[in-house]
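Summary of structural features
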Amino acid sequence: MPTNAESAALAPIWDPIAVRLCFDAGLGASFPLRFGGKIAPSSGQPIDATVTVTALVRDAWQSFGPTKVPLGDCAAIKIGGVEVVLISNRTQALGLDKVHGQWNSVAAADFDGDGDMDLVAGNLGLNTKYKASEKKPLRLYGKDFDGNGSFDVVEAKQPGDTVLPVRGLSCSSQAMPFVRERFPTYDAFAKANLTEIYGGDLASCLELTCHELQHVVVENRGDTFVVAPLPRMTQIAPVFGIGIADFDGDGIQDLVLAQNFFSPEPETGRFDGGLSAFVRGKGGMQFEYVPPKSSGLAIAGDAKSLVLADTDVVVATNDGPVQVLRAIRGQQVLRVALKGPKGNPNAIGARLELREPGGKKHVREITAGSGYLSQSEPCAWFPSAPAGSKLAVRWPDGSTSEHALATTTGEATFAR
Ligand SMILES: [Ca+2]
Ligand SMILES: [Ca+2]
Ligand SMILES: [Ca+2]
Ligand SMILES: [Ca+2]
């Protein structure tokens, strides 16, 4: 606020008394209000401002996966160009369900070294004909519109208040001939909105919304998630396979992303702007794109699955060769495999924590599949451990064990 921020939003701030004052003042009222920061010195100073009440909701809630989290009575207020949401029940802003994308892939790793697993997720990217935002989402409607027994999909966009089809009359009517009967001319089709074209059928459709097309990293904050886009240059093509390891040996985990998508319908054409990408971890949730000239990574094909095996990256391309990229690491690494119980010999689902004598921790998990339809070697890679390091394992059944490391580089295998 001191910086005269515009078009900013702040939410949620827990202040039941301020909410009650807003309800008493009523919608549209402007009045001086002191809010936030009243509980303890650690919660910061309260804000004094003349506010305008822009919304009031009784017994509001937010969704967190399938769960409804109550917020109590809520008030939205505006101070200059900043909007603030005040809530009555103490909770954080939750929910990845607010991030609707065209996700192709997801992989987990503890990027910021605080012991919990963060995520990286591959999307469509920003270099296609599709544009989406919170205010102008992409929509997808699914139903057997023409009643011929097969499921039909209608792509739609919402550039303003009106929902419009993405596809034209020609291809729409080839898929669903009744569209041509309703709209004999291109002019009539061009002037119609989606409801006028597909009528009441839309009300009973499967309906999906997308307002995020960027590949993102998701920071796990325990009771909330913070989503941030990956570097701009990675957004040049869709992302499928995701590999996470410290490829350059600086002790920080990096990303390798398999890119492109050659299969949109002919009218749209290939999304082939990418060469796959090496993205260097810079610590915390910060990442930087490394151009092919420096990384040596350049795959012009329709790259899909990506696995890590030994110290190599293996990428499969549709209608093309499987490629092996030899990761050149700057320092020695430690490979840890687990012997799991019968029925789960690789201990899929185990969590490994390498504890250095100085207190530093490195957390890995053994996963069955990650990225796009890919299963990497079921083991954990750590930076070379200082002597005296220990390995703590939480096994898939929840039991734990601790092991001394006889080796600080090379390979180690542990059973419970
Ligand atoms: Ca973390
Ligand atoms: Ca059909
Ligand atoms: Ca965290
Ligand atoms: Ca690194």
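Quick caveat, the model's predicted, so the values are computed rather than measured.

**Section: the sheet that holds strand β22 (residues 351-355)**
Spatial ordering of the open sheet is given by β23-β22-β25-β26, a layout of four strands whose pairing is antiparallel. Edge strands, defined here as strands with exactly one partner in the open sheet, are β23 (361-365) and β26 (400-404). With direction set aside, neighbouring strand axes in the sheet form an average angle of 20°. When β22 meets strand β25 (residues 390-394), the two strands line up antiparallel, connected through five bridges. Within β25, the residue paired with R355 across the bridge is K390.

**Side note on the sheet that holds strand β16 (residues 277-283)**
One key point about sheets: their strands pair by backbone hydrogen bonds, in either a parallel or an antiparallel sense. One open sheet accounts for four strands, arranged β14-β15-β16-β17; its pairing is antiparallel. In this open sheet, the two edge strands, each paired with only one partner strand, are β14 (239-245) and β17 (286-290). On average, each strand axis in the sheet is inclined to that of its neighbour by 25°, with strand direction left out of account. Where β16 and β17 come together, five bridges link them in antiparallel fashion. Note that in β17 the partner of V279 across the bridge is Y289.

**Concerning the nonpolar core**
Counting 51 residues, the largest nonpolar core has I242, L255, V256, L257, V315 and V336 as its most contacted members. With five residues, β14 is the largest single contributor of residues to this core. Each residue touching V336, except ones within four places of it in the same chain, is listed here: L352, C379, A380, F382, L391, A412 and F414. V19, L33, V53 and V85 belong to the second largest nonpolar core, which has 17 residues in total.

Basis of the calculations
Residues numbered from 1 in each chain as written. Chains lettered and ligands numbered in written order. Predicted model: local features only at pLDDT ≥ 70, side-chain atom pairs only at ≥ 80, totals over all residues. Pairing = 2+ DSSP bridges. Helix = DSSP H or I, 4+ residues; strand = E, 2+ residues; numbered from the N terminus. Axes fitted to C-alpha atoms, helices over the stretch in contact; angles between N-to-C directions. Core = buried A, V, L, I, M, F, W, Y, C linked by C-beta atoms within 7 Å. Buried ≥ 20, exposed ≤ 12 C-beta atoms within 10 Å, placed from the backbone. Contact = placed C-beta atoms within 7 Å.

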